[in-house]
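Understanding the architecture of this molecule
Read off the chains here:
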Amino acid sequence: MRVDVDFDLCQGHAECQAEAPDWFTVGKGSEAKVRAKRGEIPDDQLADVKAAVKYCPTQALRLVGTRTPQE
Ligand code: SF4
């Protein structure tokens, strides 16, 4: 599973960084945007990244690429 960022929606609130600091970094200033790691999210970080997706106030984060397709 990976995370996609919609940079048009991201407003730099940094909730994602608070939830998953190993995965997200947010710069300072009014133009701050998130920087997210690329690639497959390790199992031991998945819960934190899911929380970041859940609590992003602008819904700029999205999980993609589920390992087991849902029917
Ligand atoms: S919580 Fe959402 S809006 Fe805030 S920096 Fe992270 S991705 Fe951007």
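In what follows, the structure referred to is the one given above.
None of these values were measured; they are calculated from a predicted model.

1. Notes on the nonpolar core
It is characteristic of soluble globular proteins that their nonpolar side chains tend to be buried jointly. In terms of nonpolar packing, the biggest core is built from 18 residues, with Val3, Cys16, Trp23, Phe24, Val49 and Leu61 touching the most fellow members. If you tally residues by element for this core, the top one is helix H2 (residues 43-55), at four residues. Not counting residues up to four positions away in its chain, the partners in contact with valine 49 are Val3, Ala20, Trp23, Phe24, Ile41 and Leu63.

2. A closer look at the pattern of salt bridges
This structure, assessed with the given rule, holds one salt bridge. Ionic pairing is found between arginine 62 and aspartate 4, a salt bridge with its closest N-O pair at 3.3 Å. You can see arginine 62 sitting in strand E4 (residues 61-64) and its partner aspartate 4 sitting in strand E1 (residues 2-5), a full 58 residues away along the chain.

3. Some details on the side chain of glutamine 45
Here glutamine 45 shows up in helix H2. Once you skip the residues sitting within four places of it in the chain, glutamine 45 turns out to touch Asp22 and Trp23.

4. Some details on the site of the ligand
Around the ligand, the surrounding shell holds 13 residues, and the nearest of these are Cys10, His13, Ala14, Cys16 and Cys56. Here the ligand is seated within the largest cavity.

5. Some remarks on the layout of surface pockets
Which parts of space are left empty comes out when a probe the size of a water molecule is rolled across the atoms. Its volume calculated, the largest pocket comes out at about 210 Å³. Taken together, Arg2, Val3, Asp4, Val5, Phe7, Arg35, Ala36, Lys37, Arg38 and Gly39 make up the full set of residues lining the largest pocket. Per-element tally for the lining of the largest pocket: the top contributor is E1, with four residues. Taken together, the residues of the lining of the largest pocket break down into four nonpolar, one polar and five charged.

6. Focus on empty space enclosed by the protein
The final tally for this structure, using the stated rule, is one cavity of 30 Å³ or more. Forming the boundary of the largest cavity are 14 residues, of which Cys10, His13, Ala14, Cys16 and Cys56 lie nearest the centre. Class assignment for the residues of the lining of the largest cavity results in nine nonpolar, four polar and one charged.

Cut-offs used in this document
Residues numbered from 1 in each chain as written. Predicted model: local features only at pLDDT ≥ 70, side-chain atom pairs only at ≥ 80, totals over all residues. Heavy atoms only, no water. Core = buried A, V, L, I, M, F, W, Y, C linked by side-chain atoms within 4.5 Å. Buried < 20%, exposed > 50% of the residue type's maximum accessible area, 1.4 Å probe, protein only. Helix = DSSP H or I, 4+ residues; strand = E, 2+ residues; numbered from the N terminus. Contact = heavy atoms within 4.5 Å. Salt bridge = Lys/Arg side-chain N within 4 Å of Asp/Glu carboxyl O. Near = heavy atom within 4 Å. 1 Å grid on protein atoms, 1.4 Å probe; cavity = no way out; pocket = protein on both sides within 12 Å on 5 of 7 lines; lining within 4 Å. Sits in = over half its atoms within 2 Å of the grid points. Points joined across faces, edges and corners; volume = space filled by probe spheres on them. Nonpolar A, V, L, I, M, F, W, Y, C, P; charged D, E, K, R; others polar.

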